[in-house]
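Examining the three-dimensional arrangement
Here's the letter readout for the chains.
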Amino acid sequence: MSETMTHAAVLILLGPPGAGKGTQARMLEERFGLVQLSTGDLLRAAVAAGTAAGMAAKSVMESGGLVSDEIVLAILRDRMAEPDTAKGVILDGFPRTPGQAEALDALLADQGLKISAAISMEVDDAAMVERVSGRHTCEGCGEGYHDSFKQPAQAGRCDKCGGTAFKRRADDNAETVGARLTAYHASTAPLIAYYAARDVLRSVDGMGAIDAIAAELGGIVAEVTA
Ligand code: ADP
Ligand code: ADP
Ligand code: ZN
């Protein structure tokens with residue numbers, strides 16, 4: 001009997017800010033019917049809603065540091081409990097610390113689930129400043145764009161929904177990117193060895209064209225969910 005009959009896929013995208021995790025997660029969602037779960041998006045929603053967790057997270061996010069495991073795990077657990085995640089999830093920006101990785105293992109074990117693959121997107125730090133500085137998203141549908149690398153077919157008009165309003169993140173500036181890259185190397189990069197030791201690590205070259213990376217990632221996801 002195939003594993004996919006009983007077990008939902010759990011994919012992790014690992015990589016520094018600007019690696020292309022969100023861009024690729026949205027493409028995988030469409031292709032495989034999985035649900036993208038971005039702790040960054042969930043935290044920004046909590047900040048916008050003014051919840052207690054959001055108020056505690058706001059200044060940490062503005063400075064480019066990491067929000068506490070306690071807050072992030074509470075938000076993640078709530079989201080994982082929603083029924084749409086049953087078909088499988090793409091974790092984008094989570095886990096980000098060894099403590100989060102261990103908590104995820106425990107959460108999945110409770111539900112009889114396991115990690116299908118943790119995919120490391122290998123990129124050059126130096127290129128990430130430009131990636132993050134040019135990033136913006138459609139206000140209507142959340143589609144991601146870049147000033148130089150991913151422009152809509154028709155200037156100022158979203159390819160997906162036709163929307164004409166775009167937004168930029170407060171933390172997407174050259175100053176915070178340095179702090180975020182430092183946090184990545186100190187706290188998140190060790191997870192590459194963590195998942196290698198568990199035999200679920202895969203890696204892709206994240207410096208190529210968006211479509212080429214999508215094809216490679218799609219191959220991995222098809223393989224690990226077959
Ligand atoms: P990026 O896609 O640029 O890596 P995210 O949207 O994932 O950024 O995260 C934005 C900010 O939200 C991070 O700089 C951090 O402050 C916070 N954050 C997001 N996910 C986590 C997490 N798993 N643990 C701690 N902090 C997080
Ligand atoms: P992350 O979620 O890892 O922080 P994003 O997916 O938001 O990264 O990508 C960061 C920015 O770089 C976005 O503006 C996106 O359009 C652009 N981008 C994503 N992948 C590539 C790529 N392979 N080449 C060039 N630009 C890219
Ligand atoms: Zn749109």
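Before going into details, it helps to say that this report is about the structure given with it. Owing to the predicted nature of the structure, the values given are computational and were not obtained by experimental measurement. (Residues numbered from 1 in each chain as written. Chains lettered and ligands numbered in written order. Predicted model: local features only at pLDDT ≥ 70, side-chain atom pairs only at ≥ 80, totals over all residues. Heavy atoms only, no water.)

Examining the overall build of the protein chain
Where we set the bar: Under the scheme used here, helices are H or I runs from DSSP no shorter than 4 residues and strands are E runs no shorter than 2 residues, and both carry numbers assigned from the N terminus. As a reference, a globule follows 2.2 Å times the number of residues to the power 0.38, and the radius of gyration itself is taken over C-alpha atoms. Each residue's exposure class comes from its accessible area (1.4 Å probe, protein chains only) as a fraction of the maximum for that residue type: buried when under 20%, exposed when over 50%, partly exposed otherwise. Contacts are assigned to residue pairs with any non-hydrogen atoms lying within 4.5 Å of each other. For accessible areas, the Shrake-Rupley method is used with a probe of radius 1.4 Å. Any residue's cover is judged against the shown protein chains and nothing else. We count Lys and Arg on the positive side and Asp and Glu on the negative side, and we leave His and both chain ends out. Note on charges: their place is set at NZ of Lys, CZ of Arg, CG of Asp or CD of Glu.
When helices and strands are counted, the protein chain shows 9 helices and 8 strands. The globule rule puts the C-alpha radius of gyration for 226 residues at 17 Å, and the 17 Å found for the protein chain is close to it. Oriented by its inertia axes, the alpha-carbon framework of the protein chain measures out at about 50 × 35 × 35 Å. Looking at the protein chain residue by residue over its 226 residues, the buried ones come to 43%. Restricting to contacts in the protein chain with at least 6 residues of sequence separation, those with at least 24 account for 69%. As presented, the protein chain carries roughly 10,900 Å² of accessible surface, and 54% of it is formed by carbon and sulfur atoms. On the protein chain, the mean spot of the 21 positive side-chain charges and the mean spot of the 30 negative ones are 4 Å from each other.

Focus on the site of ligand 1
Test applied: Working definition: residue near molecule or strand if any one of its non-hydrogen atoms lies within 4 Å of it. Contacts described as polar in this section are N or O atom pairs within 3.5 Å, which, within protein, must combine one atom able to donate a hydrogen with one able to accept it, while residues neighboring in sequence count only if both atoms come from side chains. Amino acid classes used here: Ala, Val, Leu, Ile, Met, Phe, Trp, Tyr, Cys and Pro are nonpolar; Asp, Glu, Lys and Arg are charged; the rest, including Gly, are polar.
The environment of ligand 1 is made up of 19 residues, and the closest members are Thr39, Gly65, Gln100, Arg135 and Arg180. For ligand 1, an oxygen atom lies 3.0 Å from a polar atom in the side chain of Arg96. Taking Arg169, its side chain carries an N or O atom lying 3.1 Å from an oxygen atom of ligand 1. Burial of ligand 1 by the protein amounts to 97% of the accessible area it has alone, namely 550 Å². Residue composition of the shell around ligand 1, by class: 7 nonpolar, 5 polar and 7 charged.

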